[in-house]
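# Fold and geometry: a report
Below, each chain spelled out in residue letters.
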Amino acid sequence: MRFVCLALAAGVALVAGFGASVPVTLGAQAPAPGLVAIRNATLLTVTRGTIANGTIVIRDGKIAAVGTNVQIPAGAEIYDGAGRFVSPGIIDAHSHIANDAINEGATAVASMTGMEDVLNANDINIYRDLAGGTTSANILHGSSDPIGGKTLVIKLRWGKTRPSDLIFQGAPPGIKFALGENVTRKRGTTPTPPERFPTTRQGVEYVIRDAFTRAKVYQKEWQDFQAKSRVGQDSLTPRRDLQLDALVEILEGKRLVHAHSYRADEILMLIRLADEMGFKVATFQHVLEGYKVAKEIAAHGAGASGFSDWWGYKMEAEDAIPYNCALMTKKGVSVSINSDDAEVSRRLNNEAAKCVRYGGLTDDEAFATVTINPARQLKIDNRVGSLEVGKDADVVIWSHHPLSTAAIVERSYVDGIAYYDREKDLIRAGVVELAAGRGGRGANGGNGTEAAPATQAARPATPAPAPERYDVKFNANGGTWAITNAKIFPVTGPVIEKGTIVIKGNKIEAVGANVSVPSGAKVVDAAGASVYPGMIDASTDIGINEPGVRNYDDVSDILPFAQMLRTRVAVQADSDAIPVARVEGVTTVAVRPAGGTISGEIPVMNMGGWTWEEMTVRPSAGLALNFPGGGGGGRGGGGGGGGGGAAANTGGPDPLTQLNQLLVRARAYAKQGPNRQVDWTLEPLVPIVDRRQAMYVAAGTDVAIRSAVTWAEKENVRIVIRAGADVQQSADFLKQHNVPVILSDILTLPSREEAFHAYPYQAAGVLAKAGVTFAFSSGGYQFARNVPFQAGRSVAWGLSQEDAIKALTIDAAKILGVDHQIGSIEPGKIANLVVLKGSPLEIRSQITHVIVAGNDLPLTSKHVDLFNRYMSRQ
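Presented here is a report on the structure given in the accompanying data block. (Residues numbered from 1 in each chain as written. Predicted model: local features only at pLDDT ≥ 70, side-chain atom pairs only at ≥ 80, totals over all residues. Heavy atoms only, no water.)

The next point concerns the overall build of the chain. If you tally the helices and strands in the chain, you get 25 helices and 34 strands. Residues counted as buried form 62% of the 874 residues belonging to the chain. Summing over all exposed atoms, the chain offers an accessible surface of approximately 32,000 Å²; the carbon and sulfur share of this is 51%. (Helix = DSSP H or I, 4+ residues; strand = E, 2+ residues; numbered from the N terminus. Buried < 20%, exposed > 50% of the residue type's maximum accessible area, 1.4 Å probe, protein only. Areas by Shrake-Rupley, 256 points an atom, 1.4 Å probe, with all protein chains shown as cover.)

So, in structure tokens, the structure goes:
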């Protein structure tokens, strides 16, 4: 107890500003920059190549020396960077952190407003960004207006209390423009109220044209007044117009325009309008269809600051492709990767790595998109963005190459001050967790508290019968072929360093080091590449939700109890989202509907087949249950329990009571035998009450999880918990009750300000340490292709490589009741395979073959096709 009290007392001295309830200062923060030497590290200078075994010296907030034969000054604090990588700090060219408000929606021209007026130095996301290697950010107004408010570049000096202390002195001022749906406020067929001109793209063009026409008149008035004043002539001082002042600064080249944009037509419109009015667009922000007009952007001299791979979240993002930034780079545009999101901004290094995977940029070109390129776009490259003598000492030390999913930040320096130090932060985080009564799990993995007992003694569970068998129809009569010269990862057996896989029809016929290829069989030489089982997204809405002219969506129905809905019959085999995810190695998904208390059946579907029938691996693994009052579990793949919670709050019948009554009726119905009169409201519950199928329960909090487990044991039904990062608080309890977990997207922010910044990333490692079987899920059809990278991020924060691969393959298959069919490379199983150079957990790995049910499918998708088409544009 004395140790804990001392630690807590030390914690108050260690950290400050971290959360409202816990006084915090980062222990690494010094009152002023000093003298620091980082030696024996790999230096990624960005502009002058990579220096192996190098040294960088920081003195008085500036980089004093960089190289291999650097003399370390006497008195320097020495950091041994052996095995570490050192880079310039990451620069986020589009952020909204540290703002108390970002939109002024009442007027179409809001240039009189500015971010400096609402800057919040205490925003916890400053600290979180530093922990991800981000040291500077361009803080923008929102996208509600054709001409928005003034922007501000800040340095992330966490712990400073005055907003003015964050301002990047000397950075040119900017302003936010916006085009497209956010401005016109259309989300379908009707505008979002309150209505305000403009509601069309041509109306947006008029607003900007009119504003600059007025600004030119205003500019001329002031020029005339100043000319007369210089020669002593009396004249009336023009009326000051704060709205037009900023536009005059644009015309005079004193303020940079950063334009939110999506579609090619609107990007071209603003280029032509800027040319006409005599100003330059500094950067097109987001610029989702920039690849379509890359040559026009380059000719205008504008930069492009885009998302790495966001797409499909609304109609105007339908043609967004992950190749966008690489394609624009190849066409001569200066490109940066931005976040527009407080969570993404703390892993921009991984977002940059996607430019290697999608479009083939080199590591140096990719890393430039989050360092020197945004610095150039913001015209601060004389100060930051590379490791060069004389530049500001905004420097980051990484555990691995920053483009690796395994990379975590050891230290982040801003102006030579270590505002983030991982070792000290781990101590601080443990202290905060102890103070909050959570036993330190959020920082170091390990609960530190005993699992609370269930509210009633658990009855011995009836063993689950073997799941019903279902033969996959796709390619059942295909020919015989083989993959040779491969490093094979069977997952359920030892790695085969150089082996062969023989495929017959849609099944694996043989696998091993000494397997013979049948005579006449086609051979694919893997050339030493690795072969893994196809990856599984254990909860998504792919196939029943995607962008389109009518915003295609069959995710939710209106009934509170929809167990009779057969989700598989609505899965669109030609969905654009299926090949988008498949070419990245995701070969199987569990399709989860949303809404109500019971949303419907969850089928397990392969990502290949001419029809939904051919795609089906298991018609129903069970039912999607949003545990009443359960609080969710994250975005996508079923919405997260909102339906159940909503039903509980309507004043109507208690949904849990209704559910229990349904189960009573289902048991009585099942006893009537196979000749019973079919009742479709009860038929889907029969395999639930006889435990052949499970309830896949969305429950987001520890209380809801424990309640759901207690309920399931009382009712003698099998459940799988689908939850977000807070499920780690229930890890020991879930292991005790043998309940598996489907993790919702873990690439999210901590739900509590005082939580350790990497708390969501640690969830998988905590579950594995407790012995809980778990799988990953995407968070929606747009993100299914990123499921392997969730696993990679988890490895960086405590999960083993082996457990990560199992969670993506065999463990996911076990949870879905299809492990006798998929999830490992074994004779007799469906031939779902991925051939790639590298690890599936690493973003920069390149996939060479994706096999679904024995079909070596082409690596094409809508996104690949658009990339190839526009790469050929001259």
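Resuming the write-up.
Right, let's talk about the sheet that holds strand 25 (residues 604–606) for a bit. Reading across the sheet, the four strands line up as 22-23-25-26 and stay open at both edges, with mixed pairing between neighbours. Where the open sheet ends on each side, the last strands, each with one partner, are strand 22 (535–540) and strand 26 (616–618). The mean angle between the axes of side-by-side strands here comes to 30°, regardless of whether they run parallel or antiparallel. Direction of pairing for strand 23 (residues 586–591) relative to strand 25: antiparallel, over a ladder of three bridges. Note that in strand 25 the partner of Thr 588 across the bridge is Asn 606. (Pairing = 2+ DSSP bridges. Axes fitted to C-alpha atoms, helices over the stretch in contact; angles between N-to-C directions.)

The next subject is unusual backbone geometry. Each neighbour pair has its own omega, and for Phe 197 with Pro 198 the value is 5°, a cis peptide bond. Mapped onto the secondary structure, Pro 198 falls in the loop between helix 3 (181–184) and helix 4 (201–230). Backbone geometry places Lys 379, a non-glycine residue, at a positive phi of 60°. Examined against the element boundaries, Lys 379 turns out to sit in the loop between helix 11 (372–377) and strand 14 (395–398).

Attention now moves to the pattern of salt bridges. For the coordinates displayed, the defined rule picks out 53 salt bridges. Between Glu 388 and Lys 391 there is a salt bridge, with its nearest N and O atoms 3.3 Å apart. Here the two residues Glu 388 and Lys 391 agree in accessibility, since each one is buried. (Salt bridge = Lys/Arg side-chain N within 4 Å of Asp/Glu carboxyl O.)

Here we come to the packing of helix 4 against helix 5 (residues 242–251). The relative placement of two packed helices is expressed as an angle between their axes plus a distance between the axes. As a packed pair, helix 4 and helix 5 sit with axes 9 Å apart at the nearest point and diverge in direction by 85°. With respect to their mutual orientation, helix 4 and helix 5 come out roughly perpendicular. Residues Ala 211, Phe 212, Arg 214, Ala 215, Lys 216, Tyr 218 and Gln 219 of helix 4 form the contact with helix 5, whose own contacting residues are Gln 243, Leu 244, Asp 245, Leu 247, Val 248, Ile 250 and Leu 251. Looking at the contact of helix 4 with helix 5 residue by residue, the classes come out as nine nonpolar, two polar and three charged. (Parallel < 35°, antiparallel > 145°, perpendicular 65-115°, else oblique. Contact = heavy atoms within 4.5 Å. Nonpolar A, V, L, I, M, F, W, Y, C, P; charged D, E, K, R; others polar.)

Attention shifts here to the pairing of strand 12 (residues 303–306). The two faces of strand 12 match: Gly 303 and Ser 305 on one face and Ala 304 and Gly 306 on the other face are all buried. Where strand 11 (residues 283–286) lies against strand 12, four bridges are found, and the strand directions are parallel. Bridging from a neighbouring strand, His 286 pairs with Gly 306 of strand 12. In terms of handedness, the path from strand 11 via helix 7 (residues 294–300) over to strand 12 forms a crossover that is right-handed. Across three bridges, the pairing between strand 12 and strand 13 (residues 335–337) is parallel. Across the sheet, Ala 304 pairs through a bridge with Val 335, a residue of strand 13. What joins strand 12 to strand 13 is helix 8 (residues 324–330), and the crossover it makes is right-handed. (Right-handed = clockwise from strand over helix to strand, strands pointing away.)

Let us look at the nonpolar core. Leu 685, Met 695, Ile 719, Ile 721 and Phe 776 are the most contacted members of the largest nonpolar core, which totals 114 residues. Among the elements that take part in this core, helix 19 (residues 702–715) stands out by supplying six residues, more than any other. Core analysis: the next-biggest nonpolar cluster, separate from the first, contains 108 residues, Val 183, Leu 270, Cys 325 and Ile 843 among them. (Core = buried A, V, L, I, M, F, W, Y, C linked by side-chain atoms within 4.5 Å.)

Taking 1.5 Å of rise per residue, 14 residues should cover 20 Å, and helix 6 (residues 264–277) covers 20 Å from first to last C-alpha, within 8% of that figure. Tucked inside the fold, the buried residues of helix 6 contact strand 9 (174–178), helix 4, helix 5, strand 10 (256–261), strand 11 and helix 7. At the exit of helix 6 stands Gly 278, carrying a positive phi of roughly 85°. (Expected span 1.5 Å × (residues − 1).)

Before going further, it helps to examine the sheet that holds strand 7 (residues 134–139). Taken in spatial order, the eight strands make up an open sheet running 6-7-8-9-10-11-12-13, and their pairing is mixed. Edge positions in the sheet fall to strand 6 (90–95) and strand 13, since each of these pairs with one other strand and no more. In this sheet, neighbouring strand axes are inclined to one another by 25° on average, regardless of whether the strands run parallel or antiparallel. The sheet strands contacting helix 5 are strand 8 (147–155), strand 9 and strand 10, and the helix crosses strand 9 at an angle near 100°.

Let's shift gears to the packing of helix 22 (residues 787–796) against helix 23 (residues 801–808). One way to put it is that helix 22 packs onto helix 23 with a least axis distance of 9 Å and a crossing angle of 155°. When the axes of helix 22 and helix 23 are compared, the pair comes out roughly antiparallel. For the pair helix 22 and helix 23, the crossing hand works out as right-handed. Where helix 22 abuts helix 23, its residues Val 787, Pro 788, Ala 791 and Val 795 lie against Gln 801, Ala 804 and Leu 808. (Left-handed = near helix turned anticlockwise from the far one by under 90°.)

Below, the discussion takes up the environment of Glu 77. Here Glu 77 shows up in strand 4 (residues 77–80). Put simply, Glu 77 and Val 36 are 41 residues apart on the chain and 4.7 Å apart in space, counted from C-alpha to C-alpha. Of note is the side chain of Glu 77, whose polar atom sits 2.9 Å from the side chain of Arg 411. (Polar contact = N/O pair within 3.5 Å; in protein donor to acceptor, adjacent residues only side chain to side chain.)

On to the side chain of Asp 123. Structurally, Asp 123 is set in the loop between strand 6 and helix 2 (124–130). Apart from the residues within four sequence positions on either side, Asp 123 is in contact with Ile 97, Ala 98, Asn 99 and Trp 158.

Before going further, it helps to spend a moment on the environment of Ala 264. Examined against the element boundaries, Ala 264 turns out to sit in helix 6. A sequence separation of 25 residues divides Ala 264 from Glu 289, and the C-alpha atoms of the two residues are 5.1 Å apart. If sequence neighbours within four positions are ignored, Ala 264 has contacts with Glu 289, Lys 292 and Val 293.

Quick look at helix 9 (residues 348–357) now. Across the 10 residues that make up helix 9, a large majority, 10, are buried. If you check which residues of helix 9 are buried, you get Leu 348, Asn 349, Asn 350, Glu 351, Ala 352, Ala 353, Lys 354, Cys 355, Val 356 and Arg 357. At the C-terminal side of helix 9, Gly 359 shows a positive phi close to 115°.

With that settled, the discussion passes to the packing of aromatic side chains. Going through the model one piece at a time under the given rule, you end up with 19 aromatic pairs. Taking 4.7 Å as the distance between ring centres and 25° as the angle between the ring planes, the aromatic pair formed by Tyr 323 and Phe 867 counts as stacked. Taken together, the positions of Tyr 323 in the loop between strand 12 and helix 8 and Phe 867 in helix 25 (residues 862–871) put the pair 544 residues apart, joining distant regions of the chain. The class of Phe 867 is buried, set by a relative accessible area of 13%. Members of the aromatic cluster, connected to one another through ring pairs, are Tyr 262, Phe 307, Trp 310 and Tyr 313. One residue, Arg 240, lies across the ring of Trp 222, its end atom 6.0 Å from the ring centre. Lying over the aromatic face of Phe 733, Arg 706 brings its terminal NZ or CZ to 4.5 Å of the ring centre. (Phe/Tyr/Trp six-rings, centres within 6.5 Å; stacked < 30°, edge-to-face > 60°. Lys NZ or Arg CZ within 6 Å of the ring centre and 35° of its normal.)

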